[in-house]
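Examining the three-dimensional arrangement
Chain by chain, the residues:
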Amino acid sequence: MGNATAALLVFMGGFIVMVLEIVGARYLAGEFGGTFYVWVSQIGVVMIALAAGYYVGGALADRWQRLQRLAGLLVPAGLGVLAVPWYAPPVLEAIVMRHPSGEPVPLLWQKLDPALGSAVIFLLPCLVLAMLPPYLIRLCARRLGQIGRLSGQIIAWSTLGSIAGVFVAGYVLIEVMKLSSIFLTMGGLILVLAGLCCWLDRGWASPSIETTPDK
Amino acid sequence: MMRPAAGTSLCSPPLPRHGGRQGLAALVLGLVVGVGLRGDTVFETTSAYHRIRVVDGAGVRTLLFDRAEETRMSLANPLEGHFEYIEYFFMPWLWNPELNRVLMIGLGGGSAQRLYAHYCPGVAVDTVEVDAAVRQVAETYFGYKPGPRQRIFIEDGRQFLRRSQDRYGAILLDAYTQGRYGAAIPHHLVTREFFTLVRDRLTTNGVVAYNVMGSLTGWRADIVGAVHRTMQSVFPQVYLFPAGESQNVVLLGTLVADPPTLPWRSQRGREVFESGRVKLPTFYRRINAFRAEPPPNASLCPVLTDDYAPVDGLLSDTWRR
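A short tour of the structure in this document, coming up. (Residues numbered from 1 in each chain as written. Chains lettered and ligands numbered in written order. Predicted model: local features only at pLDDT ≥ 70, side-chain atom pairs only at ≥ 80, totals over all residues. Heavy atoms only, no water.)

Structural notes on the overall build of chain B
Scanning chain B from terminus to terminus reveals 11 helices and 13 strands. With 321 residues in all, chain B has 57% of them scored as buried. Across chain B, the fraction of contacts at a sequence separation of at least 24, relative to all contacts at a separation of at least 6, is 67%. Total accessible area on chain B stands at roughly 13,000 Å², and carbon and sulfur atoms take up 53% of it. (Helix = DSSP H or I, 4+ residues; strand = E, 2+ residues; numbered from the N terminus. Buried < 20%, exposed > 50% of the residue type's maximum accessible area, 1.4 Å probe, protein only. Contact = heavy atoms within 4.5 Å. Areas by Shrake-Rupley, 256 points an atom, 1.4 Å probe, with all protein chains shown as cover.)

Points about the packing of helix 1 (residues 3-32) of chain A against helix 7 (residues 147-176) of chain A
Residues and elements named next belong to chain A. Helix 7 packs onto helix 1 with a crossing angle of 35° between their chain directions and a minimal axis gap of 6 Å. The handedness of the crossing between helix 1 and helix 7 is right-handed. Of the residues contributing to the contact of helix 1 with helix 7, the split by class is 19 nonpolar, eight polar and one charged. (Axes fitted to C-alpha atoms, helices over the stretch in contact; angles between N-to-C directions. Left-handed = near helix turned anticlockwise from the far one by under 90°. Nonpolar A, V, L, I, M, F, W, Y, C, P; charged D, E, K, R; others polar.)

What about the side chain of D156(B)?
With respect to the helices, strands and loops of the structure, D156(B) is situated in the loop between strand 7 (150-154) and helix 6 (157-163). The charged side chain of D156(B) is buried without a salt bridge, its nearest counter-charge being R158(B) at 6.4 Å. A polar contact is formed between the side chain of D156(B) and the backbone nitrogen of R158(B), at a distance of 3.0 Å. Looking at D156(B), its side chain comes within polar contact range of the side chain of H188(B), at 2.8 Å. Look past the residues within four positions of D156(B) in its chain and what remains in contact with it is F32(A), G33(A), G34(A), T35(A), V128(B), V130(B) and H188(B). (Lys, Arg positive; Asp, Glu negative; His and termini not counted. Salt bridge = Lys/Arg side-chain N within 4 Å of Asp/Glu carboxyl O. Polar contact = N/O pair within 3.5 Å; in protein donor to acceptor, adjacent residues only side chain to side chain.)

Some points on the pairing of strand 7 of chain B
All names here are of chain B. Looking at chain direction, strand 6 (residues 124-129) and strand 7 are connected through five bridges and run parallel. Note on strand 7: the bridge partner recorded for E129 is I154. Once the chain exits strand 6 it traverses helix 5 (residues 132-141) before rejoining the sheet at strand 7, and the crossover so formed is right-handed. (Pairing = 2+ DSSP bridges. Right-handed = clockwise from strand over helix to strand, strands pointing away.)

Focus: helix 2 (residues 36-64) of chain A
An α-helical turn contains 3.6 residues, so any two residues separated by three or four positions project in the same direction. All names here are of chain A. Here helix 2 spans 41 Å end to end across 29 residues, near enough to the 42 Å set by a 1.5 Å rise per residue. For helix 2, the elements touching its buried residues are helix 1, helix 3 (67-82), helix 5 (107-130) and helix 6 (132-140). Q65 sits one or two positions beyond helix 2 and adopts a positive phi of about 55°. (Expected span 1.5 Å × (residues − 1).)

Quick word on the environment of P76(A)
Residues and elements named next belong to chain A. On the secondary structure map, P76 appears in helix 3. Taking relative accessible area as the criterion, P76 reaches 46% and is therefore assigned partly exposed. Separated by 49 residues in the primary sequence, P76 and P125 place their C-alpha atoms 8.2 Å from one another.

A closer look at the interface of chain A and chain B
Listed as interface residues are 28 residues of chain A and, on the opposing side, 23 residues of chain B. In total, chain A and chain B occlude about 2,200 Å² of area from one another, counting both sides; carbon and sulfur atoms represent 48% of this. Counting every contact that joins chain A to chain B gives two salt bridges. In this structure, the salt-bridge partner of E93(A) is R162(B), at a minimum N-O distance of 2.6 Å. Every element with two or more residues in the side of chain A that touches chain B is listed here: helix 1, helix 4 (84-97), helix 7 and helix 8 (179-200) of chain A. At five residues, the largest contribution of residues to the side of chain A that touches chain B is made by helix 1 of chain A. Here the residues of the side of chain A that touches chain B sort into 13 nonpolar, nine polar and six charged. (Buried area = accessible area lost by both parts, 1.4 Å probe.)

As for the packing of aromatic side chains
Counting across every chain of the model gives 21 aromatic pairs over all chains. Plain terms: the ring middles of F241(B) and F290(B) are 5.7 Å apart, the flat faces sit at 70° to each other, and that makes the pair edge-to-face. With F241(B) in strand 12 (residues 237-242) and F290(B) in the loop between helix 10 (283-286) and helix 11 (311-315), this residue pair connects regions lying 49 residues apart in the sequence. Considered together, F241(B) and F290(B) belong to a single accessibility category, that of buried residues. In textbook terms, an aromatic cluster arises when at least three aromatic residues are bridged by ring pairs, as seen for Y88(B), W95(B), Y239(B), F241(B), W264(B) and F290(B). One Lys or Arg, R98(A), reaches over the ring of W109(A) and ends 4.5 Å from the middle of that ring. (Phe/Tyr/Trp six-rings, centres within 6.5 Å; stacked < 30°, edge-to-face > 60°. Lys NZ or Arg CZ within 6 Å of the ring centre and 35° of its normal.)

Written out as structure tokens, the structure reads:
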């Protein structure tokens, strides 16, 4: 028990992040138009979420050392994604319509409005999902001498999940599912992830790292 | 070549079709023409959206986005040499003989703007174009002259409509993005929500005209059928003008319910032409392309919505089924 399960969790996390990114760009185009800036914003915001999530996730892992507590963050993230079809339209409408009608939107806001909209919807869920890799590296670590290998594996599985997310979202999901159903499914998957974290908690309780070097 | 065999598309009729080979030929032709276009490149730039090229050859100036031809214009006479479908953008006059304000989404080389300025001087044309570089090219190489009667807005078309409070007698759509395998319709400009926005910006006898690259039974019939079905969910009447010389179908959605009979159209066309408001020489002839009946596959096609608009799938692959 351990590394394979951790690989599964970070794979799911990486998968969901990229499905949200790809489908999200499509979703934002309905509000902000099909401009280049929508894609730029979406990619930029998700990268911000990843950087922040790695940073905070690593710190929390040292402090909490329990998988279960991560579930406490995943549940609101999942509920937030589930609720996108309901809360996002009025919020995005407000962002777009705050400019006086009848005159063009200043170029600066043509660029920044989609980033703002993307941040409101996607920043927090993606941030929480990005906590998984550093968190699981900490929980799986048993021997200092193998930290390099372990972290490489965890990050690789997370990225493999992201790769799968990109292609599955772009090639399949957008053609067979409604956007709203995709958000519901991803929100549900995040809740499943939270459930897994609770369920697997005992297996990873309070690990201590051997600092003696390997032979 | 990514095109699948005929008869396997998302909303094609279950009966065998014969359009596939013809469509494939059209696509091959399109690529060959686009890639192998002979002439001198007089300008080239890369914008956020396209590699934009202006090529002069055989007395014709061509605007290319990536590999696809957007606009053609005769160098000797800029009022000649344009694509046939541009002339169907004058058909809204049949339903709206008092036309004086037009909105055009998508500038390209400004063919429609040039023809409207020359043949319908009484009409003010607003244009929305998302790519600022296209405006520069249109002004420098295609004689597009913005002014009070030819206003230009650099913005996304849907954003513009949403925030505008103006009403137009006709809204003309010719907005495309380019993919490796040809032109793609921007998905946010073909949904029911988008057409609702268009309808709300039209005057009471307003008309929307939509250029769809495709044909009624062969190449890209799926997208033509889907756009038709989607427009029908918003507009009381939707008519077709399939181009004879190219793979374009111009779809017209009207708010008034005039009887679409041949005598009515001929009569109305003659009135408009003789009034001098439309001086386009081919106007009367173009009326003959009119079709009232929907594309044969329309009832099988999905209504496109913001929530579900698999336009890339309709245009390219058909793994479903």
